[in-house]
Amino acid sequence: MRDIKKLARPNVIAMQPYSSARDESGGVEGIFLDANENPFGENNRYPDPYQQQLKQKLSQVKNISPDKIFVGNGSDEIIDHIYRVFCNPGKDKVMFFSPTFGMYQVAAELNEVEIIDIPLTSDFQINLEEAQKYFADPHLKVIVICTPNNPTGNNINPKDIDFILDNFKGIIAIDEAYIEFTDQNSYLDKVNNFPNLIIFQTLSKAWGIAGARVGMAYANPEIIQLLNKVKHPYNISVLNQKAALESLSHKEEFEKRKKIILDEKEKIRQELEKLSMVTKIFPSDTNFFLVEFTDANQVFQKLLDQAIVVRNQSSKIKNCLRITVGSPEENEKLIAALKKLN
């Protein structure tokens, strides 16, 4: 296993991170006259820059120590920071497997990181034979794997992920945004075994607070310290930390809503199978379906005309729409509209 510090950019290792007023006070509670805040109001104080209370709650929920947790402004911030820490602009490379979440590419282009895009196989699995050709490249610093994958909806074969863990010595970042919807085990318990592994998850999907923009990265403390170095000082607001704590404190409600979503998902699948304009429903381990239509563009527009918004994926996967499971009432309207179009 290569030294994490040797994988990181030298300037990141050498830099001194910004020291906020709250950093320097050492967590002392009292009269705050150090940060030029307004003394009046309900949200007048800067938030805890390291989200200690939220990390303690996540530690309980995820059964992982707080020093292995980074909290980001959505997973987007985490993706960007992984590239910033480990990839030298104009020199280093990232690998991912398309079609997949578009922010991997956007963040790479923004950070001037060369992209090695390996297309998934016909059944949306990793082409290991092609991928491993690049493993020895010293400039390939990061491999990103989305499982369950977006927009295809399927789990990536664990044996393929294990092969990459065993054979690639750079950073392996596994995006588990939809992990709560699948029966497949999280790779979270492997963080202790692989110092180069980063797992990132989110509260936007199953936990239902997409508006709060809270994502989490789990990794060995050395990686967490590097991510903390490059993050903005107060990257998660007081309001968003409160929203996250509130959501995580209601596990029974979380389970109840998840069950409704999964039950509704099965109902949608059964109804889609009856439609002649549906040519394929791809296997789904998420809260959405990738569906192939005879004419996806037409269906997309007709639904949009009725104020039903789905995601047109035809530019990535021919004649395919991505349909998220909504509330029971929303799903009924969707199915009724599709039946009229059929």
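Heads up: the structure comes first, above all this text.
Q: Explanation requested: the sheet that holds strand β9 (residues 288-293) in the structure shown.
A: The strands that make up a sheet pair up through hydrogen bonds in the backbone, lying either parallel or antiparallel. As summarised here, the arrangement of the four strands in space is β8-β9-β11-β10, forming an open sheet in which the pairing is antiparallel. A strand with exactly one partner marks an edge of an open sheet, and here the two such strands are β8 (278-281) and β10 (311-312). When β8 meets β9, the two strands line up antiparallel, connected through three bridges. From the neighbouring strand, Ile281 faces β9, where its bridge partner is Val291. Across the face of the sheet, helix α12 (residues 296-305) comes into contact with β9, β10 and β11 (320-324) while running at roughly 40° to β11.

Q: Which parts of the structure should I look at to understand the sheet that holds strand β2 (residues 93-98)?
A: If you walk across this open sheet you meet the seven strands as β1-β7-β6-β5-β4-β2-β3, and the pairing is mixed. Unpaired on one side and paired on the other, β1 (69-72) and β3 (114-119) mark the two borders of the sheet. If you compare each strand with its neighbour and ignore which way they point, the axes differ by 20° on average. Of the strand pairs in this sheet, β2 and β3 are connected by six bridges, and their pairing is parallel. Paired with Lys93 across the strands is Glu114, a residue of β3. Where helix α4 (residues 52-62) meets the sheet, it contacts β1, β6 (197-202) and β7 (215-218), and its direction lies at approximately 120° from that of β1.

Q: Quick question: what am I supposed to make of the nonpolar core here?
A: Soluble globular proteins tend to pack their nonpolar side chains together in the buried interior. Membership of the largest hydrophobic core comes to 74 residues, with the highest contact counts inside it found for Phe97, Ile143, Ile145, Ile164, Phe293 and Leu338. The biggest single contributor to this core is β9, with five residues. Leave out the neighbours within four places in its chain, and Phe293 touches Met277, Val278, Thr279, Val299, Asn319, Leu321, Ile323 and Leu338. Residues Leu7, Val113, Ile198 and Ile223 belong to the second largest nonpolar core, which totals 32 residues.

Q: Mind showing me how you'd approach the environment of Pro17 here?
A: Among the secondary structure elements, Pro17 is positioned in the loop between α2 (10-14) and α3 (21-24). Linking Pro17 and His232, residues 215 residues apart in sequence, is a C-alpha distance of 9.5 Å.

Q: Please clarify how helix α6 (residues 103-110) should be interpreted in this entry.
A: Of all the positions in α6, only Tyr104, Ala107 and Ala108 are classed as buried. Axial view of α6: buried residues confined to an arc of 100°, hence all on one face. Here the buried face of α6 lies against α5 (74-86), β2, β3, β4 (140-146), β5 (171-175) and β6. Within two residues after α6, Glu112 carries a phi angle of roughly 55°, on the positive side.

Here is what the cut-offs are and how they apply
- Residues numbered from 1 in each chain as written.
- Predicted model: local features only at pLDDT ≥ 70, side-chain atom pairs only at ≥ 80, totals over all residues.
- Heavy atoms only, no water.
- Pairing = 2+ DSSP bridges.
- Helix = DSSP H or I, 4+ residues; strand = E, 2+ residues; numbered from the N terminus.
- Contact = heavy atoms within 4.5 Å.
- Axes fitted to C-alpha atoms, helices over the stretch in contact; angles between N-to-C directions.
- Core = buried A, V, L, I, M, F, W, Y, C linked by side-chain atoms within 4.5 Å.
- Buried < 20%, exposed > 50% of the residue type's maximum accessible area, 1.4 Å probe, protein only.
- Arc of directions from axis to C-beta.

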